[in-house]
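For reference, the chains in residue letters:
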Amino acid sequence: MPLLKIIALNDFTKVFVWKITETFEELFHSVPLNEVSIARLNTMKSEAHQKGFLSVRRLLMEAGYTDFDLYYDEFGKPHLKDGKHISISHSHDFSAITISDVIIGIDLEIRKEKTLKIAPRFMEISHLENLSHDEQIQKATVVWGIKEAVFKIKNEKGISFPDHIFEHDFSLTDKNCTAELRFNKTVEYFDILFDFIEEYVFVCAFNSVSLEK
Ligand SMILES: CC(C)(COP(=O)(O)OP(=O)(O)OC[C@H]1O[C@@H](n2cnc3c(N)ncnc32)[C@H](O)[C@@H]1OP(=O)(O)O)[C@@H](O)C(=O)NCCC(=O)NCCS
């Protein structure tokens, strides 16, 4: 199945989600690629990674762009040449891009036992109290996604998930919450939206001030 969903998160932010069922060849022949992308594609070790990368280019086309409209800064953060903001994530069978008038960070994560196992290393463990085992996996995965998404907004060296990014407690049914980054003697607040797509968790982070516009 190609494009799975286009979701309008608000008046100025759209999410495009792809479920990857195509072969490498099908994807490769369906997208124009710039020279940098061809070189990058050739260095990728797994076909799964290559397909994730190519499916993102398909999503760009759904959004009215091509690979030629995209470039990366020295940290690996993607940017669009027209000044709109983009964030990218891919995980196994799915990829997603979000395009917005404001800075955003997104993350797609597969729900897995291992994320719950390492939860004490990256989140406030009391936030998993009074939940079933499955709900604990879901919530730990959302929190991991929150930290990845906030990291993608800030894009700064030295940010650690357990030491600098903090989720405020939330309920899984709310599908939104808040988080904060305490780094370099400043505190910044983020609004988080999350959802579940098959066995995946999708998380989108906004700077809280962005939503006041
Ligand atoms: C860069 C990072 C956020 C990527 O996240 P990921 O879950 O591994 O992979 P995703 O598929 O979700 O995201 C990959 C995309 O993020 C984007 N990206 C990469 N570096 C980025 C950065 N510095 N800022 C914003 N976006 C970035 C890219 O678009 C990339 O895909 P592409 O290169 O194919 O276009 C992650 O690897 C990372 O470095 N995290 C912070 C380090 C950390 O603290 N880790 C945990 C320690 S407890």
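The text that follows walks through the structure, step by step, so that each part is easy to find. (Residues numbered from 1 in each chain as written. Predicted model: local features only at pLDDT ≥ 70, side-chain atom pairs only at ≥ 80, totals over all residues. Heavy atoms only, no water.)

## A closer look at the sheet that holds strand β8 (residues 165-167)
Moving on, step 1. Here five strands make up an open sheet; going across it, the order is β7-β11-β10-β9-β8 and the pairing antiparallel. Of all the strands in the sheet, just β7 (104-110) and β8 have a single pairing partner and so form its edges. Across the sheet, the mean angle separating the axes of adjacent strands is 25° when strand polarity is ignored.
Moving on, step 2. Against the sheet, helix α5 (residues 133-154) touches β7, β8, β9 (176-183), β10 (186-197) and β11 (200-207), its axis set at about 145° to β7. (Pairing = 2+ DSSP bridges. Helix = DSSP H or I, 4+ residues; strand = E, 2+ residues; numbered from the N terminus. Axes fitted to C-alpha atoms, helices over the stretch in contact; angles between N-to-C directions. Contact = heavy atoms within 4.5 Å.)

## Remarks on the packing of helix α2 (residues 35-43) against helix α3 (residues 47-62)
Moving on, step 1. Viewed as axis vectors pointing N to C, α2 and α3 meet at an angle of 155°, and their least axial separation amounts to 9 Å. When the interaxial angle is binned, α2 and α3 end up roughly antiparallel. Judged by the sense of rotation from one axis to the other, the crossing of α2 with α3 is left-handed. Counting all contacts with α2, which are made through Ser37, Arg40 and Leu41, the residues of α3 involved are Gln50, Phe53, Leu54 and Arg57. (Parallel < 35°, antiparallel > 145°, perpendicular 65-115°, else oblique. Left-handed = near helix turned anticlockwise from the far one by under 90°.)

## What about the sheet that holds strand β6 (residues 94-100)?
Moving on, step 1. Strand order in the open sheet made by the four strands is β1-β2-β6-β5, with antiparallel pairing throughout. Every other strand in the sheet has two partners, leaving β1 (3-10) and β5 (85-91) as the edge strands with one partner each. When the angles between neighbouring strand axes are averaged without regard to direction, this sheet yields 15°.
Moving on, step 2. Where β1 meets strand β2 (residues 13-19), six bridges bridge the pair, whose relative direction is antiparallel. Bridge pairing links isoleucine 7 to valine 15 in β2.
Moving on, step 3. In the packing of α3 onto the sheet, contacts are made with β1, β2, β5 and β6, and the angle to β6 comes to roughly 35°.

The analysis is restricted to geometry; functional conclusions fall outside its scope.
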